[in-house]
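So the chains spell out like this:
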Amino acid sequence: MSAFPRTRLRRLRRTGALRDLVRETTLAPSDLVLPMFVQEGLDGRTSIGSMPGVDRFSVAEAVAEAGAAAALGVPAVLLFGIPREKDPDGSGAWDDEGAVQLTTRAIKDAHPDVIVITDLCLCEYTSHGHCGRLRDDGSVDNDETLGLLARTALSQARAGADVIAPSDMMDGRVAAIREALDDEGLSDLPIMSYSTKFASAFYGPFREAADSTPAFGDRRSYQMDPANGAEAVRESVLDAQEGADILMVKPALPYLDVLWRVKERTGLPLAAYHVSGEYAMIKAAAAAGYIDERAIVLETLTAIRRAGADIVITYYAKDAAKWLQ
Ligand code: PBG
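In this convention, every chain numbers its residues from 1, walking through the sequence in written order. A pLDDT threshold of at least 70 governs which residues receive local features in this predicted model, and a stricter bar of 80 or more applies before side-chain atom pairs are shown or counted, although totals over entire chains, interfaces and linings include all residues. Water and hydrogen atoms play no part in the side-chain values, which are based on all heavy atoms of the structure.

## What about the packing of aromatic side chains?
Part 1 of the argument: Ring pairs shown here join Phe, Tyr and Trp side chains whose ring centres sit within 6.5 Å, with only the six-membered ring taken for Trp; geometry is labelled stacked below 30 degrees between planes, edge-to-face above 60, and tilted in between. Under the counting rule described, the total for this entry stands at ten aromatic pairs.
Part 2 of the argument: Ring plane angle 55° and centroid distance 5.4 Å describe the contact between Phe37 and Phe206, whose orientation is recorded as tilted. Residue Phe37 is found in strand β1 (residues 32-39), and its partner Phe206 is found in helix α7 (residues 204-210); the two are separated by 169 residues along the sequence.
Part 3 of the argument: With centroids separated by 6.1 Å and ring planes inclined at 45°, the aromatic side chains of Tyr194 and Tyr273 adopt a geometry described as tilted. Pair noted here: Tyr194 is in the loop between α6 (173-183) and β7 (196-197) and Tyr273 is in strand β9 (residues 270-274), with a separation of 79 residues, a long-range link.
Part 4 of the argument: For Tyr194, a relative accessible area of 1% gives the class buried.
Part 5 of the argument: You can call Tyr273 buried: its relative accessible area is 2%. Secondary structure elements follow DSSP: runs of H or I of four or more residues count as helices, runs of E of two or more count as strands, with numbering from the N terminus. Relative accessible area decides the class of each residue, using a 1.4 Å probe on protein chains only: under 20% of the type maximum gives buried, over 50% gives exposed, and in between gives partly exposed.

## What about a positive patch on the surface?
Part 1 of the argument: Patch membership requires more than 30% relative accessible area and the absence of a salt bridge. Residues of like charge join within 9 Å; the nonpolar side chains Val, Leu, Ile, Met, Phe, Trp and Tyr join within 5 Å. Surface exposure here means Shrake-Rupley accessible area, sampled with a 1.4 Å probe, where a residue is shielded only by the protein chains that are shown. The rule for a salt bridge is simple: a side-chain nitrogen of Lys or Arg has to be within 4 Å of a carboxyl oxygen of Asp or Glu. Charged-residue counts in this description rest on Lys and Arg as positive and Asp and Glu as negative, His and the chain ends being excluded. By convention, the point assigned to a charge is CZ for Arg, NZ for Lys, CD for Glu and CG for Asp. A contiguous patch of positive charge, built from Arg6, Arg8, Arg10, Arg11, Arg13 and Arg14, is present on the exposed surface.
Part 2 of the argument: When you line up the elements, Arg11 lands in helix α1 (residues 9-14).
Part 3 of the argument: Taking the relative accessible area as the measure of exposure, Arg11 reaches 57% and is therefore exposed.

## A look at the layout of surface pockets
Empty space left among the atoms is revealed by rolling a probe the size of a water molecule over them.
Part 1 of the argument: Using protein atoms alone on a 1 Å grid, points that fit a 1.4 Å probe yet trap it form a cavity, whereas open point sets bounded by protein on both sides within 12 Å along at least five of seven lines form a pocket; residues with an atom within 4 Å of a point count as lining. Grid points are joined across faces, edges and corners, and a volume is the space filled by probe spheres set on the points. Empty space within the largest pocket amounts to approximately 310 Å³.
Part 2 of the argument: Leu9, Arg13, Arg19, Val22, Arg23, Glu24, Thr25, Leu27, Leu298, Glu299, Thr302 and Leu324 are the residues that line the largest pocket.
Part 3 of the argument: Where the lining of the largest pocket is concerned, the elements lending two or more residues are α1 and α11 (293-306).
Part 4 of the argument: Ranked by the residues each element gives to the lining of the largest pocket, the list is headed by α11, at three residues.
Part 5 of the argument: For this scheme, ten residues count as nonpolar: Ala, Val, Leu, Ile, Met, Phe, Trp, Tyr, Cys and Pro. Four count as charged, namely Asp, Glu, Lys and Arg, and the remainder, Gly too, count as polar. Split by residue class, the lining of the largest pocket holds five nonpolar, two polar and five charged.

## Here's the deal with the site of the ligand
Part 1 of the argument: Throughout, near means a residue has at least one heavy atom within 4 Å of the molecule or strand. Near the ligand, the surroundings consist of 18 residues, among which Lys197, Arg207, Lys250, Ser276 and Tyr315 are the closest.
Part 2 of the argument: Under the rule applied, a polar contact is a pair of N or O atoms within 3.5 Å (in protein, one hydrogen donor and one hydrogen acceptor; residues adjacent in sequence only if both atoms are side-chain atoms). Within the side chain of Ser167, an N or O atom sits 3.4 Å from a nitrogen atom of the ligand.
Part 3 of the argument: Out of a free accessible area of 400 Å², the ligand has 100% covered by protein chains.
Part 4 of the argument: Any molecule with more than half of its atoms within 2 Å of a cavity's or pocket's grid points is counted as sitting in it. Mapping the ligand onto the cavity grids shows that it belongs to the largest cavity.
Part 5 of the argument: Its residues assigned to classes, the shell around the ligand comprises nine nonpolar, three polar and six charged.

## Comments concerning the pattern of salt bridges
Part 1 of the argument: Evaluated as defined, the whole model comprises 18 salt bridges.
Part 2 of the argument: We note a salt bridge from Asp162 to Lys108, for which the minimum N-O separation is 2.8 Å. Highlighted residues: Asp162 in the loop between α5 (142-159) and β6 (163-166) and Lys108 in helix α4 (residues 99-110), separated in sequence by 54 residues.
Part 3 of the argument: Arg178 serves as the salt-bridge partner of Asp245, at 3.9 Å between the closest nitrogen and oxygen. Taken together, the residues span a long stretch of sequence, with Asp245 in the loop between α8 (229-242) and β8 (247-250) and Arg178 in helix α6 at a distance of 67 residues.

Here it is in structure tokens:
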């Protein structure tokens, strides 16, 4: 009798706390990063149509939000800036008085323990919405853009950023930023690179939030093809070779296989970005009463951790932290 193999752990799990003894993956508020949009010249906060529950903040509101996240155990925020004016080169990105710079200083003053990560890209600052300087034919000039990114990194570092997070996907930008930081004596400042970033429809709501939809064309020449897994791993490996300290896969849920491969291959600290479209889908289904929001979010974030993410960047950070208390 009973000659077949049995999974006795199943029985063990039925008995309360013993479940924790055999659990492979943990999810805690300390794993999460809260992305925030800060808008130059804004008074208070404004809502974002396609991201219910997420607002654009003034500097003061952003400081309050970072404090609220920290009180829930969320250790870090990721800042995106929305400038008052945009121009072809995106010069607002390296304005020492820009929204990201002012907010970074204000958060570090009010909450020195909060880790401030600054997103580094030009698309929120360029009038055409692309992530770099354009050539006459409208294509992005990769190499000419590197200097602008390095300049922005230095401005963010001067403001007190704890981690610089380039999200533009230009080739060579991690090396260019690393060199600029080192030359300024900032060799201790880490870079969290958006190392594997897919050209994804899941960024739609973000582009409404940051007003950064490309005026023409798309980002497929510098963002990754969703069909390519091996190339995705190579992109992350290149960034690691250029000096990235933390790698990232973005979006998260549709790319769990890539997360796993990047983690196995590099062993570096790895972040996953649960992006705006992933957030919006859960919100919409929950609002319609089709799913249990809390259960879906905790299951999703746990799955992202299981696939290899050390860090999960999510608009649900505060809610999840509350649910995990
Ligand atoms: C900037 C950037 C984007 C996101 C993060 N940084 C937009 C894009 O590449 O179009 C998307 C984040 C999200 O969807 O939540 N390059």
